[in-house]
Amino acid sequence: MNVRESARFAVRGVTANPMRTALTTLGILIGVAAVIVLVAVGNGSSAAVTESLSRLGSNTLTVQASQGGTGGRAGGFGGFPGFGGGGPGGVSSGTQTRTAELTLDDAAAIADATLAPHVLRVAPRVSASSVTATYDGATHTVSSFLGTSPSYLTINDDSVQKGETLTAEDWTSRRRVALVGSSVAEDLVGGDGLDVVGKTVQFNGIAFTVVGVLTDKGSTGPQDEDDRVLAPLTAVQDTLTGYGSLSAISVQAKDADSVETAQAEIEDVLNSRHRVTSATADYSVQNPTSLLSAVTSTSQTFTVLLASVAAISLLVGGIGVMNIMLVTVTERTREIGIRKAIGARRGDIVGQFLLEAVLLSLFGGLMGVLVGLVGSRFEIVGVQPVVSASSVVLAFGVAVGTGLFFGLYPANRAASLRPIEALRYE
């Protein structure tokens, strides 16, 4: 019996019971689709985070307080270069023991060209929590309300799509003005939200004039990057946060090649001011390059984990194929006996039933690829999946391999039947 005839018998066997065939291939379909979609979600998540970090630029650094403790020189709310004073009447209080924190004086020291010549711009930041925006009966809970300096927009390559940006005069005059993200603007005034420019919006009952709408940034996973408000740090401290420590300090190095040097200068400045060493530092300096490496490694682990979970579905589907093929062999025992009695060889029987198993897996694999590609076109938990060609090829190849592997035992079992016993089978 040649291959063509074995294939004809295999097709006849597969199509003899359409419902059984459909249910068997469903397991393979789900497994292949799951592998493609879950790997695509992992890739999409990784791409979104990488894009978000890339938007920070290759020459930006973020300084944050990392733990409690005691430092040496207190940083009151003294002057910040180019923007006038910090809190009302704030002056440096000299040397004293204090709880570790970041202050405007720390930001001013980092911005000092003598102390940190490779630092180009510095933007101190404070975050106000649980802020609700209200305008003309509409309300919106703001995800991120940031008080900062005009340099923040330049450091983060940010801009406004309508209106004006923050200015040095807004800082020095402590003006209650704000830039809002499109998500905030749309919820407050409807439409595209651009009409919010010039309107007075209440933030936790404090009136701020909206001077501009920030350019859209999109979403990073489930996080809406446009659900944000920026305002002068001085005005935010006056109204929403008080005159405590800074949440963070954004720093821009002069160029990408100067990032490591700028980071070392920042650490020297803060170590001296806080009376700490590298081992006892009460702050951390985040470098996007190192963050990107860490995120890439984590994302790869996450993607492998998702693929492993999805592969279990393929395994279950393969077991289903094996189970059905064993049932098929049992049901067709007399047919096998007749074929062997009239001259069919062991290889013919093995080939027929192995081809049936492969056809089931092949059909399920093709349908799984189709479903996986269609499913990957939609956002899943806020992530836009990114399909990997290798995952498609791998999933389909494993599906076909599953048919071969799990079909081999039933095929051998069918071929090992003795003709006389098969003919007597009822």
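It should be emphasised that the depicted structure is a prediction, and the values quoted were computed from it without experimental measurement.

Helix and strand counts for the protein chain come out as 13 helices and 16 strands. When each of the 426 residues of the protein chain is scored for burial, the buried share is 45%. In the protein chain, of all internal contacts separated by at least 6 residues, the share reaching a separation of at least 24 is 80%. Counting only carbon and sulfur atoms, one obtains 57% of the accessible surface of the protein chain, whose full area is about 19,800 Å².

Here we come to helix α3 (residues 104-111). With 7 of its 8 residues buried, α3 lies for the most part within the structure. Taken residue by residue, α3 has Leu104, Asp105, Asp106, Ala107, Ala108, Ala109 and Ile110 as its buried positions. Looking at the buried side of α3, the elements it contacts are β4 (119-128), α5 (168-172), α7 (233-241), β15 (248-253) and α8 (259-274). For α3, the N-terminal capping position is held by Thr103, with its side-chain oxygen 3.3 Å away from the main-chain nitrogen of Asp105.

Let us now look at the confidence of the model for the protein chain. If pLDDT is low for a region, its predicted coordinates should not be looked at in detail. Taken residue by residue, the protein chain gives an average pLDDT of 81. The fraction at 70 or more is 82%. When the criterion is pLDDT under 50, residues 84-98 qualifies, and its contacts beyond four places in sequence or with other chains add up to 44 contacts.

Here Ser130, not a glycine, exhibits a phi torsion of approximately 55°, which is positive. A relative accessible area of 63% means that Ser130 is categorised as exposed.

Attention now goes to the pairing of strand β1 (residues 60-65). Each regular strand carries side chains that alternate between the two faces of the sheet. Strand direction decides the pairing type here: β1 and β15, joined by 4 bridges, are antiparallel. Each bridged residue has a counterpart across the sheet, and for Val63 the counterpart in β15 is Ile249. Judged from the 4 bridges that link them, β1 and strand β16 (residues 283-286) form a sheet pairing that is antiparallel. Looking at β16, one finds that Val63 is bridged to Val285.

This paragraph deals with helix α6 (residues 182-189). Considered for burial, the residues of α6 that qualify are Ser182, Ser183, Val184, Ala185 and Leu188. At the exit of α6 stands Gly190, carrying a positive phi of roughly 80°.

Together, Phe363, Met367, Leu370, Val374 and Phe378 make up an exposed nonpolar region whose accessible area comes to about 480 Å². Inspection of the secondary structure assignment puts Phe363 in helix α11 (residues 346-375). Accessibility expressed as a relative area gives 46% for Phe363, which makes it partly exposed.

Quick look at the nonpolar core now. In this structure, Val63, Ile110, Phe145, Val180, Phe203, Ile249 and Ile266 are the most contacted members of the largest nonpolar core, which totals 47 residues. The element that contributes the greatest number of residues to this core is α8, accounting for 5 residues. The residues contacting Ile249, other than those within four sequence positions of it, are Leu61, Thr62, Val63, Leu102, Thr103, Asp106, Ala107, Ile110, Val122, Ala123 and Pro124.

Scanning the model with the defined rule gives 5 salt bridges in all. A salt bridge links Arg273 to Asp106; the shortest N-O distance between them is 2.5 Å. Residue Arg273 is located in helix α8, and its partner Asp106 is located in helix α3; the two are separated by 167 residues in the primary sequence. Just as Arg273 is buried, Asp106 falls in that class too. Measuring nitrogen to oxygen at the nearest pair gives 3.2 Å for the salt bridge that ties Arg175 to Asp170. Given a relative accessible area of 7%, Asp170 falls into the buried group. Three or more residues are tied together by salt bridges with common partners; here these are Glu169, Asp170 and Arg175.

Following the criterion strictly, the structure yields 3 aromatic pairs and no others. Taking the centre distance of 6.2 Å and the plane angle of 75° together, the rings of Phe145 and Phe208 count as edge-to-face. Of the two residues, Phe145 sits in strand β7 (residues 144-148) while Phe208 sits in strand β11 (residues 206-214), which places them 63 residues apart along the sequence. The buried category is assigned to Phe145, whose relative accessible area is 1%. Ring geometry for Phe203 versus Phe208: centroids 5.7 Å apart, planes at 75°, classification edge-to-face. Across the pair, Phe208 and Phe203 agree in class, each one buried.

The next point concerns the packing of α3 against α8. A pair of packed helices is captured by two measures, namely the crossing angle of their axes and the spacing between those axes. At their nearest, the axes of α3 and α8 sit 10 Å apart, and the two run at 140° to each other. Classified by the angle their axes make, α3 and α8 are oblique. Here α3 runs over α8; the crossing is right-handed. Contact with α3, carried on its side by Asp105, Asp106, Ala109 and Ile110, involves Ile266, Val269, Leu270, Arg273 and His274 of α8 and no other residues of that element. Residues of the contact of α3 with α8, tallied by class, amount to 5 nonpolar, 1 polar and 3 charged.

On the surface, a cluster of negative charge is made up of Glu186, Asp187, Asp192, Asp195, Asp216 and Asp224. Tracing the sequence through the fold places Asp187 in helix α6.

Here the focus is the packing of α11 against helix α12 (residues 389-415). Running from N to C, α11 and α12 point in directions that differ by 155°, and their axes come no closer than 7 Å. One element, α11, and the other, α12, form an angle in the roughly antiparallel class. Helix-helix and strand crossings are classified by hand; for α11 and α12 the assignment is right-handed. Partitioned by chemical class, the residues of the contact of α11 with α12 number 19 nonpolar, 6 polar and 1 charged.

How each quantity is defined
- Residues numbered from 1 in each chain as written.
- Predicted model: local features only at pLDDT ≥ 70, side-chain atom pairs only at ≥ 80, totals over all residues.
- Heavy atoms only, no water.
- Helix = DSSP H or I, 4+ residues; strand = E, 2+ residues; numbered from the N terminus.
- Buried < 20%, exposed > 50% of the residue type's maximum accessible area, 1.4 Å probe, protein only.
- Contact = heavy atoms within 4.5 Å.
- Areas by Shrake-Rupley, 256 points an atom, 1.4 Å probe, with all protein chains shown as cover.
- Polar contact = N/O pair within 3.5 Å; in protein donor to acceptor, adjacent residues only side chain to side chain.
- pLDDT = per-residue confidence, 0-100.
- Pairing = 2+ DSSP bridges.
- Patch = residues over 30% accessible without salt bridge, like charges linked within 9 Å, V, L, I, M, F, W, Y side chains within 5 Å.
- Salt bridge = Lys/Arg side-chain N within 4 Å of Asp/Glu carboxyl O.
- Core = buried A, V, L, I, M, F, W, Y, C linked by side-chain atoms within 4.5 Å.
- Phe/Tyr/Trp six-rings, centres within 6.5 Å; stacked < 30°, edge-to-face > 60°.
- Axes fitted to C-alpha atoms, helices over the stretch in contact; angles between N-to-C directions.
- Parallel < 35°, antiparallel > 145°, perpendicular 65-115°, else oblique.
- Left-handed = near helix turned anticlockwise from the far one by under 90°.
- Nonpolar A, V, L, I, M, F, W, Y, C, P; charged D, E, K, R; others polar.
- Lys, Arg positive; Asp, Glu negative; His and termini not counted.
- Charge placed at Lys NZ, Arg CZ, Asp CG, Glu CD.

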